[in-house]
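Tertiary structure, described
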Protein chains: 2
Amino acid sequence: MKKYNIGILGATGAVGREILKVLAEYNIPVGELKLFASKKSVGKSILFRGTSYQIEEACDTSFIGLDFVFGATSNEVAKRFRDSIVSSKAIFIDNSSAFRLDSTVPLVIPQINGEDAVLHQGVIANPNCSTIIALMAIYSIEKLSKIECMLATTYQATSGAGALGPLELSQQMNAICNDKPLEIEVFPHQIVENVIPQIGSFLENGYTTEEMKMQNEGRKILHREDLCISCTCVRVPVVRSHSIAIELVTKEELSIEQIRETLSKENGVLLYDSPEKKEYPMPILTSNQDLVYVGRIRKSLFHPRGIVLWCSGDQIRKGAASNAVQIMMKLIGLVF
Amino acid sequence: MKKYNIGILGATGAVGREILKVLAEYNIPVGELKLFASKKSVGKSILFRGTSYQIEEACDTSFIGLDFVFGATSNEVAKRFRDSIVSSKAIFIDNSSAFRLDSTVPLVIPQINGEDAVLHQGVIANPNCSTIIALMAIYSIEKLSKIECMLATTYQATSGAGALGPLELSQQMNAICNDKPLEIEVFPHQIVENVIPQIGSFLENGYTTEEMKMQNEGRKILHREDLCISCTCVRVPVVRSHSIAIELVTKEELSIEQIRETLSKENGVLLYDSPEKKEYPMPILTSNQDLVYVGRIRKSLFHPRGIVLWCSGDQIRKGAASNAVQIMMKLIGLVF
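Basis of the calculations
For every chain, the first residue of the written sequence is number 1, and numbering continues from 1 onward in sequence order. Chain letters and ligand numbers both follow the written order, the letters beginning at A and the numbers at 1. Where totals are concerned, whole chains, interfaces and linings use all residues; where local detail is concerned, this predicted model gives features only for residues with pLDDT of at least 70, and gives and counts side-chain atom pairs only at 80 or more. Each side-chain value is derived from all of the structure's non-hydrogen atoms; neither hydrogens nor water enter the calculation. Starting at the N terminus, helices and strands are each numbered in turn, a helix being any DSSP run of H or I of at least four residues and a strand any DSSP run of E of at least two. For a helix, the expected span equals 1.5 Å multiplied by the residue count minus one. Relative accessible area decides the class of each residue, using a 1.4 Å probe on protein chains only: under 20% of the type maximum gives buried, over 50% gives exposed, and in between gives partly exposed. Contacts: residue pairs with any heavy atoms within 4.5 Å of one another. The angle separating two fitted axes, one through the seven residues that finish at a residue and one through the seven that start at it, defines the bend at that residue. The buried area of a pairing is the accessible area, by a 1.4 Å probe, that goes missing from both parts when the two are put together, added over both. We count a salt bridge whenever a side-chain nitrogen from Lys or Arg sits within 4 Å of a carboxyl oxygen from Asp or Glu. As used in this structure description, the phrase polar contact means that two N or O atoms lie within 3.5 Å; if the pair is within protein, one of them must be able to donate a hydrogen and the other to accept it, and residues adjacent in sequence are counted only when both atoms belong to side chains. Note that Gly is not counted as nonpolar here; it falls among the polar residues with everything else outside the nonpolar set of Ala, Val, Leu, Ile, Met, Phe, Trp, Tyr, Cys and Pro and the charged set of Asp, Glu, Lys and Arg. We call Phe, Tyr and Trp rings a pair once their centres come within 6.5 Å, taking the six-membered ring for Trp, and we label the pair stacked below 30 degrees between planes, edge-to-face above 60, and tilted otherwise. Charge-over-ring contacts are defined here by two conditions on Lys NZ or Arg CZ: a distance within 6 Å of the ring centre and an angle within 35 degrees of the ring normal. Least-squares superposition of the copies uses the C-alpha atoms of those residues scoring a pLDDT of at least 70 in each of them. Strands pair, by our definition, only if DSSP identifies at least two bridges between them. Note on geometry: axes are lines fitted to C-alpha atoms, helical ones only across the stretch in contact, with angles between N-to-C directions running from 0 to 180 degrees. Any angle from 65 to 115 degrees is called roughly perpendicular, while one under 35 is roughly parallel, one over 145 is roughly antiparallel, and all others are oblique. Each crossing gets its hand from how the near helix is turned against the far one by less than a right angle, where anticlockwise is left-handed and clockwise is right-handed. You can read pLDDT as the predictor saying how much it trusts each residue, on a scale of 0 to 100.

What about helix H6 (residues 209-222) of chain A?
- If you check H6 of chain A, its first and last C-alpha atoms are 20 Å apart, about what 14 residues at 1.5 Å a residue would give, namely 20 Å.
- Among all positions of H6 of chain A, only Glu210, Glu211, Met212, Lys213, Met214, Gln215, Glu217, Gly218, Arg219, Lys220, Ile221 and Leu222 of chain A are buried.
- The inward-facing, buried residues of H6 of chain A abut helix H3 (110-113), helix H4 (129-144), strand S8 (147-155), strand S9 (228-232) and strand S10 (242-250) of chain A together with strand S12 (292-299) of chain B.
- Positive phi appears at His223 of chain A, one or two residues downstream of H6 of chain A, with a value of about 55 degrees.

This is the structure we're talking about:
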């Protein structure tokens, strides 16, 4: 079996480490493995399939001989190395938001628009985590009848802010339990026992950068330039897995039974909707796995063609690492 | 100044205690004060304005001589004592949901439909906490142009489940900090580091009892039988204050400036909307006070006449105790 030489840019962060975990779990045939991080991590090593790999600092010649480079860094670092990765003939599957809306870069959720991946010119972008989770949940509905408009209200986990996010939540929980003052560094306000309606920075239209991703990226992934999505993104004191309340209006009226039936056959999605048994998606259920759980599916009360639902998914797995690895699998013809 | 004889049914619970606090803070001229609770609290006493009051068990003759009785009990207890309170000529201002949709009972938010209170036949109902907070936030908009439809997605605090709610959150936080097993009693699932999309029980249409209150009670309070509200209610690991993301469509197009201007003059509401300074409503800001904070006001992306906003308010204060005391103030002509 052919082996693939792989690089990970930002290997020591939350997403970088998860990519390594997913590569192992999915039995990806990895040949050479190069782990890149910032200067301060050089000298450290990370274990992969029993072998210890040294962290290197990337330079322009680092990517020669690699087949795929996974990006798990800031936009700045992704931009800095894009050209050297592409000219090394490696395919750059990038998690940052730097290239997502670039018309030469496919933006891919393999279960939805996997065929777009093959049109790449060296770079493929991984969508925003909440966008991936929301679209995985509603894609069955879009296939049954085009979505006219959509509203998404998120409950986003602290790990969406990187590895320091859950650490801050944990430190603040400890401070409250031990009656000590809270320290606030990662989030704009206290996150323990609070919810914060700000993720990203504010734009002129009153939305945050994070909120606009749902519409901007959703349009590109679904090939629906006309799709309107209003979004409110909120940080909640959860460690892992984003949850999203979604309301949408379809062009034709659909029955709940139709939606359930299609959803139950979907790859990557679990219909988890037995509220009478207290079974509905929740972050404590969906963490550390790739399935996006969908439940609480019901008719809207505000529009005859409206549907309301609720979903949860692990934003580091399907929202980032697993989706990126699935893009690679799509390109090399592996089943996911 | 005339003094009023007051009874509190359920005086030892979270809302009952808060009513006492509000009566004192608002300088209500209280004459006789009778505190009722279940048999197991008899013998205990509660301090009010420096005087200690014994807890009594209520019976049918307990209410004779009282002017107002505040109900802060279950529906069952409220129903059990309704007739004896009314026949004692006391006005029963009840926090339970037992009589809210009864056509002979006004359902009142004093700032919105205070004039309905005077039509009472002995009983006035206090609305659901999330409904009060949401309607306080959107009432200015309804005055500018009728609301066609509305979507509400809630982030509800643990204290909405009574005094045992925050206790369970605190115990579960301690268990996590000390690596001990979690105990789950009050909520259907673990609430620490989780969000639970269930408050109340499920109805045949897939909504919970809590979710239907927003539309059912909203219609009655606003005198808008045609108003459509879809709601998703979610419990979050917060101690106090509910937050709500609201999207609505008005009959005429409104500008954000118009809405801000009207909101800024509203009694009981604080326009708190300077996101560039990280100023938006949050539970840690709005607790232990009566103002409902409104912010993140922006144009919807899904409808040309759509508005999106975010609000937080203390559901034990304005969502229950303060609203009930304000109903009394409205009836006796005190300014609030």
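Moving on from the model shown.
Some words on helix H9 (residues 317-332) of chain A
All names here are of chain A.
- Residue Asn323 marks the point of greatest curvature in H9, where the axis turns by about 40 degrees.
- The element H9 is largely enclosed, with a buried count of 14 among its 16 residues.
- Looking one or two residues past H9, Gly333 carries a phi angle of roughly 80 degrees, positive in sign.

A closer look at the side chain of Ser140 of chain A
Residues and elements named next belong to chain A.
- Residue position: Ser140 is located in helix H4.
- Exposure remark for Ser140: the relative accessible area of 1% places this residue in the buried category.
- Each residue touching Ser140, except ones within four places of it in the same chain, is listed here: Thr262, Leu263 and Glu266.

Thoughts on the interface of chain B and chain A
- Counting from both sides, the interface comprises 58 residues of chain B and, opposite them, 58 residues of chain A.
- Buried area between chain B and chain A, both sides added, is near 4800 Å², and the carbon and sulfur share of it is 65%.
- Across the chain B-chain A interface, the total number found is 4 salt bridges.
- The salt bridge involving Glu211 of chain A is made with Arg298 of chain B; its shortest N-O contact spans 3.7 Å.
- Taken together, the links from chain B to chain A amount to 25 residue pairs in polar contact (both at pLDDT 80 or more).
- Looking at the side of chain B that touches chain A, the elements that each hand over two or more residues are strand S8 (147-155), helix H5 (164-177), helix H6 (209-222), strand S9 (228-232), strand S10 (242-250), helix H8 (283-286), S12 and strand S13 (306-313) of chain B.
- Examining the composition of the side of chain B that touches chain A, we find that 6 residues originate from one element, S8 of chain B, more than from any other.
- In terms of residue class, the side of chain B that touches chain A is made up of 35 nonpolar, 15 polar and 8 charged.

Re the packing of aromatic side chains
- For the structure on display, the rule yields 17 aromatic pairs over all chains.
- Taken together, a centroid distance of 6.2 Å and an interplanar angle of 40 degrees make the contact between Tyr280 of chain A and Phe202 of chain B tilted. Separated into two different chains, Tyr280 of chain A in the loop between strand S11 (269-271) and helix H8 (283-286) and Phe202 of chain B in the loop between H5 and H6 make up a pair that spans both.
- Using a relative accessible area of 0% as the deciding quantity, one classes Tyr280 of chain A as buried.
- Clustering of aromatic rings is evident, with ring pairs tying together Tyr155 and Trp310 of chain A together with Tyr155 and Trp310 of chain B.
- Its end group placed over the ring of Phe99 of chain B, Arg82 of chain B keeps NZ or CZ at 4.7 Å from the ring centre.

Quick notes on the relation of the copies chain B and chain A
- Relative to chain A, chain B is turned by 180 degrees and slid 0.0 Å along the rotation axis, the superposed coordinates differing by an RMSD of 0.0 Å. Taken together, the turn and the small shift mark the pair as related by a two-fold rotation axis.
- A shared binding surface is used by both copies, with 100% of the interface residues of chain B retained as interface residues in chain A.

Quick word on the sheet that holds strand S2 (residues 30-36) of chain A
Residues and elements named next belong to chain A.
- Sheet architecture is open: 7 strands sit in the order S3-S4-S2-S1-S5-S6-S7, paired in mixed fashion. Only two strands of the sheet have a single neighbouring strand rather than two, namely strand S3 (45-48) and strand S7 (123-125). Each strand of the sheet is rotated relative to its neighbour by a mean of 25 degrees, with strand direction disregarded.
- Pairing analysis gives 4 bridges linking strand S5 (residues 68-71) to strand S6 (residues 91-94), with the strands arranged parallel. Looking across to S6, one finds that Phe68 is bridged to Ile91.
- On top of the sheet, helix H2 (residues 75-87) reaches strand S1 (4-9), S5, S6 and S7; it is set at about 160 degrees to S6, its chief contact.
- Running at roughly 160 degrees to S5, H9 makes contact with S1, S5, S6 and S7 of the sheet.

Topic: the sheet that holds strand S6 (residues 91-94) of chain B
Residue and element names in this part refer to chain B.
- Here 7 strands make up an open sheet; going across it, the order is S3-S4-S2-S1-S5-S6-S7 and the pairing mixed. The open sheet has two free edges, formed respectively by strand S3 (45-48) and strand S7 (123-125), since each of these has just one partner strand. Adjacent strand axes in the sheet meet at a mean angle of 25 degrees, parallel and antiparallel pairs treated alike.
- Inspection of the sheet shows strand S1 (residues 4-9) paired to strand S2 (residues 30-36) by 5 bridges, in the parallel sense.

Some details on the environment of Arg17 of chain A
Residues and elements named next belong to chain A.
- Structurally, Arg17 can be placed in helix H1 (residues 14-25).
- Remark: the alpha-carbon pair of Arg17 and Ile93, spanning 76 residues in sequence, is separated by 15 Å.
- In contact with Arg17, other than residues within four places in its own chain, are Ala11, Thr12 and Ile46.

Considering the packing of helix H4 (residues 129-144) of chain B against H6 of chain B
Residue and element names in this part refer to chain B.
- Where H4 contacts H6, the two axes come as close as 10 Å, and the packing angle between them is 45 degrees. Put simply, H4 runs oblique to H6. Considering how the two elements wind past one another, H4 and H6 form a crossing that is right-handed. Touching Cys129, Ser130, Thr131, Ala134, Leu135, Ile138, Tyr139 and Glu142 of H4 are Glu210, Lys213, Met214, Glu217, Gly218, Ile221 and Leu222, all from H6.

Structural notes on the confidence of the model for chain A
- Mean pLDDT over chain A works out to 97, with 100% of the residues at or above the 70 mark.
- If you check the scores for this complex, the pTM reads 0.97 and the ipTM reads 0.96.

Thoughts on the pattern of salt bridges
- All chains considered together, the criterion is met by 40 salt bridges over all chains.
- Taking the shortest distance from any N to any O, the salt bridge between Asp226 of chain A and Arg224 of chain A comes out at 2.9 Å.
- The residue Asp314 of chain B makes a salt bridge to Arg240 of chain B at a minimum N-O spacing of 2.7 Å. Taken together, the positions of Asp314 of chain B in the loop between S13 and helix H9 (317-332) and Arg240 of chain B in the loop between S9 and S10 put the pair 74 residues apart, joining distant regions of the chain.

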